Amino acid sequence: MMEQVAKVVGTDSDGWVKVQVELKSACNHCSSSESCGTSAVAKAFGSRLQEFSLPSTETYPEGTLLRLGLPESVVLKAALLVYMLPLAGLFLGGLLGRFIASLAGFSTDGGAIFMAIIFALLAWQLGKSQARRIENRAQPVILAYLGQAMEAASESKCH
C-alpha cells in the first residue's frame, strides 16, 4: 500500500471529506541532491497541491491530517500500460511494416521504421487512456487519523 499524508480542507453532510495532498518530487532525498541538475529543476518548480474528495464515515475538522493509502497494484498497472504497451507496439509495428514492405516491394527498413513509429504512438495513446481509466477508478482510503496540523493548531490558539 502506498501512503501519503493529506490535510482536510472541508467536509460535507453527505459523508465526503475534501482533502489536499502536496505532490512532492522524489528529488532532494538522495545524497546527490546538491549537485544534481534534476534536483535543481524540481526545486525551481516547487510542490503542487492536489485536492479531491473521499468517502468517510467520520467527520474531521479542517486542518486535520490523515494518512491515505492507495494499493500499489494501481500504480504498477498504470506504469506497465504506459511503458510496456508502446514498446510492444514498436516491435509489432516493425515486424508488420517489414512484412508489408517486402510484399509491396518497398524498402523493408523504411517500412519497418514507419510502421514501428505509428504502432508505438498508437499503443502509447491506448496505454495512456487505459492508465488514466485505472487511476480514476482507484479510490484512496483513509488509513489513520494523525491529528491537527501544526499551523492549524497554532492559528486556533492565537484567536
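Residues numbered from 1 in each chain as written. Predicted model: local features only at pLDDT ≥ 70, side-chain atom pairs only at ≥ 80, totals over all residues. Heavy atoms only, no water.

**Some words on the overall build of the protein**
Moving on, step 1. When helices and strands are counted, the protein shows 4 helices and 5 strands.
Moving on, step 2. Relative to its full complement of 159 residues, the protein shows a buried share of 25%.
Moving on, step 3. Restricting to contacts in the protein with at least 6 residues of sequence separation, those with at least 24 account for 74%.
Moving on, step 4. Counting every atom, the protein has about 11,100 Å² of accessible surface; 61% of that belongs to carbon and sulfur. (Helix = DSSP H or I, 4+ residues; strand = E, 2+ residues; numbered from the N terminus. Buried < 20%, exposed > 50% of the residue type's maximum accessible area, 1.4 Å probe, protein only. Contact = heavy atoms within 4.5 Å. Areas by Shrake-Rupley, 256 points an atom, 1.4 Å probe, with all protein chains shown as cover.)

**Description of helix α3 (residues 108–137)**
Residue pairs three or four apart in sequence face the same way in an α-helix, which turns once every 3.6 residues.
Moving on, step 1. Over its 30 residues, α3 extends 43 Å from the first C-alpha to the last, a length consistent with the 44 Å expected when each residue adds 1.5 Å.
Moving on, step 2. Of all the residues in α3, the buried ones are G111, A112, M115, A116, A120, A123, G127, A131 and I134.
Moving on, step 3. On its buried face, α3 is in contact with α2 (72–104). (Expected span 1.5 Å × (residues − 1).)

**Focus: the UniProt feature "transmembrane region" (unreviewed entry) in the protein**
Moving on, step 1. Summarizing the sequence annotation, UniProt attributes the feature "transmembrane region" (unreviewed entry) to residues 74–93 and 99–124 in the numbering used throughout.
Moving on, step 2. Within residues 99–124, the helical portion is 88% and the strand portion 0%, while the C-alpha atoms at the span's ends are 22 Å from each other. (UniProt positions renumbered as here; feature names shortened; annotations may be inferred.)

**Describing the sheet that holds strand β1 (residues 2–11)**
Whether parallel or antiparallel, the strands of a sheet pair through hydrogen bonds between backbone atoms.
Moving on, step 1. Taken together, 5 strands build an open sheet; the order of strands is β3-β2-β1-β4-β5 and the sheet is antiparallel. Two strands in the sheet have a free side with no partner beyond their single neighbour: β3 (48–55) and β5 (141–148). Adjacent strand axes in the sheet meet at a mean angle of 35 degrees when their direction is disregarded.
Moving on, step 2. The sheet contact formed by strand β2 (residues 16–23) and β3 spans 8 bridges and is antiparallel. Within β3, the residue paired with V17 across the bridge is L54. (Pairing = 2+ DSSP bridges. Axes fitted to C-alpha atoms, helices over the stretch in contact; angles between N-to-C directions.)

**Some points on the side chain of T64**
Moving on, step 1. With respect to the helices and strands, T64 occurs in strand β4 (residues 64–70).
Moving on, step 2. Take T64: its relative accessible area is 0%, and that puts it in the buried class.
Moving on, step 3. A polar contact of 2.6 Å, which involves the side chain of T64, links it to the backbone oxygen of P61.
Moving on, step 4. Beyond its immediate stretch of four places on either side in the chain, T64 contacts A6, K7, V8, Y145, G147 and Q148. (Polar contact = N/O pair within 3.5 Å; in protein donor to acceptor, adjacent residues only side chain to side chain.)

**Side note on the environment of T11**
Moving on, step 1. By the element assignment, T11 lies in strand β1.
Moving on, step 2. Residue class for T11 comes out partly exposed when judged on its relative accessible area of 43%.

**Considerations on the pairing of β4**
Moving on, step 1. Bridge count for β1 against β4 is 6 bridges, and the pairing is antiparallel. Paired with Q4 across the two strands is L68, which belongs to β4.
Moving on, step 2. Where β4 meets β5, 6 bridges bridge the pair, whose relative direction is antiparallel. Note that in β5 the partner of L68 across the bridge is I142.

**Side note on the nonpolar core**
Moving on, step 1. With 9 residues, the main nonpolar core is built from A6, V8, V17, V19, V21, L54, Y60, L66 and L68.
Moving on, step 2. Looking at this core, the elements with two or more residues in it are β1, β2 and β4.
Moving on, step 3. When residues of this core are assigned to their parent elements, the largest contribution, 3 residues, is made by β2.
Moving on, step 4. When neighbours within four sequence positions are excluded, L54 is seen to be in contact with G15, W16, V17, V19, L68, Q139, P140 and I142. (Core = buried A, V, L, I, M, F, W, Y, C linked by side-chain atoms within 4.5 Å.)

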